Amino acid sequence: MRVLIVGAGILGLLTARACALRGAAVTLLEQGPLPATGATSWDQHRIVRTLHPGQPHLTALAAQAERHWRDLARGFSAPVYQRTGSLTALPPSAARASGDLLTSQGLRHAHLPAAELHRRYPLIRWPDGLDSVHDPQAGVLLADQILLELTRELARTPGVTLLPGQTVTHVNADALHVITPGGRHSGDALVLTAGLGTRRLLPAEPSEERRQLLLYVTPPVAHRAAWATLPAVPAIGDADGSWLIPPVAHTALKLTSHAASWVEGTRPDVQPAYDRLVTQFAELIPGFTQAWVSGRRTCAYRIHPERGTPVIRPLDAAGRACAVTACGGGAFKFAPLMADHLARRVLDAAPVPALFDPPPPSLPLEDSHAAPGH
């Protein structure tokens, strides 16, 4: 089968790889260069975390995804994944419940009471009264290096055609073709993984475009080695929802918070968000000043207003065309599972169960969501 894929961010690249592994001929179109440095997934690093407090299905899926990232990383020529573990700061009762959740999924963890958390990790001024869950099944993905490695792999894969500089202007899902200024591209299956550009190509549906400000920080030389050994911290536990990614493999320390995100069009000036981030991290990190900040970036993503998970939408009655129409900034970790799901969805004749919907209580997870083949 001939598969057309639009968009060469992390999901497009992994979907192309999954389809090629199943014997399909793949044409991957990207509006910019390759690797896709303009993709929302192009960044120094991303967290792959297992624990999703209060969400057993997402925790189980994330554990699968983390295993697949480790398998993928072993096949690359350069190190792209550091299994740092993660720290999630929570009220004591929530921390115990999260530990029970990990145990129920057969996953290891350590419960760190507040005093132990402060003693072990003094680089952060943790809010009072919080314990922490240490999840060893978590780490940091070097996102831009992964996109580079996957692009190189696909470029030498028989049956895969990479077409950079191809802006898709029209999609005909029923006829399984797309139009670019250079002409028409047809296939037997079609997958849209164009990120924010997907909304331009499809009729409107419930979703909102959001922005988030990220700070890239260079700690003082005396503390740099200690920061590089810190676990990823998806939740520091403050009221602003702050989180950080440690400076592994000579990357920057990345800082941000949920309070530094906003709906597109509602904040014309990012300076207030920048000032707030600097102020809040000056309270959370001893010695932190604006002088530590070496760069900043406003990232963009689209989410469903009622769901925190990615949305995969069928585009035709035969099931040969689909699109990812909403995908939050934290979805990078799920990309191997989503790619396998998309490949099975357009290549297999049998229906594929929804990936992010919890399975029926009577069915084990692996029965309702077959593990990817990577």
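Residues numbered from 1 in each chain as written. Predicted model: local features only at pLDDT ≥ 70, side-chain atom pairs only at ≥ 80, totals over all residues. Heavy atoms only, no water.

We now examine unusual backbone geometry. Residue Pro 35 is reached from Leu 34 by a cis peptide bond, and omega for that bond is 0 degrees. Positionally, Pro 35 belongs in the loop between strand E2 (25-29) and strand E3 (46-48). Backbone geometry places Leu 176, a non-glycine residue, at a positive phi of 55 degrees. Inspection of the secondary structure puts Leu 176 in the loop between strand E10 (170-172) and strand E11 (177-180). Despite not being glycine, His 250 has its phi angle at roughly 65 degrees, a positive value. Mapped onto the elements of the fold, His 250 is located in the loop between strand E16 (242-245) and strand E17 (253-257). The class for His 250 is exposed, based on a relative accessible area of 83%. (Helix = DSSP H or I, 4+ residues; strand = E, 2+ residues; numbered from the N terminus. Buried < 20%, exposed > 50% of the residue type's maximum accessible area, 1.4 Å probe, protein only.)

Applying the stated rule across the entire model yields three aromatic pairs. Both rings, one in Trp 69 and one in Phe 332, keep their centres 5.7 Å apart while their planes meet at 15 degrees; by these two values the pair is stacked. Here Phe 332 lies in the loop between strand E21 (321-326) and helix H9 (335-347) and Trp 69 lies in helix H2 (residues 56-74), a separation of 263 residues in the sequence. For the pair Trp 69 and Phe 332, one class covers both residues: buried. (Phe/Tyr/Trp six-rings, centres within 6.5 Å; stacked < 30°, edge-to-face > 60°.)

Structurally, Leu 277 can be placed in helix H8 (residues 271-284). The exposure class of Leu 277 is buried, given its relative accessible area of 0%. Separated by 18 residues in sequence, Leu 277 and Ala 259 place their C-alpha atoms 8.5 Å apart. Beyond its immediate chain neighbours, meaning those up to four positions away, Leu 277 contacts Leu 213, Leu 215, Thr 256, Ser 257 and Ala 260. (Contact = heavy atoms within 4.5 Å.)

What follows deals with the nonpolar core. Core analysis: the biggest nonpolar cluster contains 51 residues, and Ile 10, Leu 14, Val 26, Trp 69, Ile 146, Phe 332 and Phe 334 have the highest contact counts within it. Broken down by secondary-structure element, the contributors of at least two residues to this core are strand E1 (2-6), helix H1 (10-21), E2, H2, helix H5 (143-155), strand E13 (189-192), E21 and H9. Formed by 31 residues, the second largest nonpolar core is a distinct cluster that contains Trp 126, Ala 273, Tyr 274 and Val 293. (Core = buried A, V, L, I, M, F, W, Y, C linked by side-chain atoms within 4.5 Å.)

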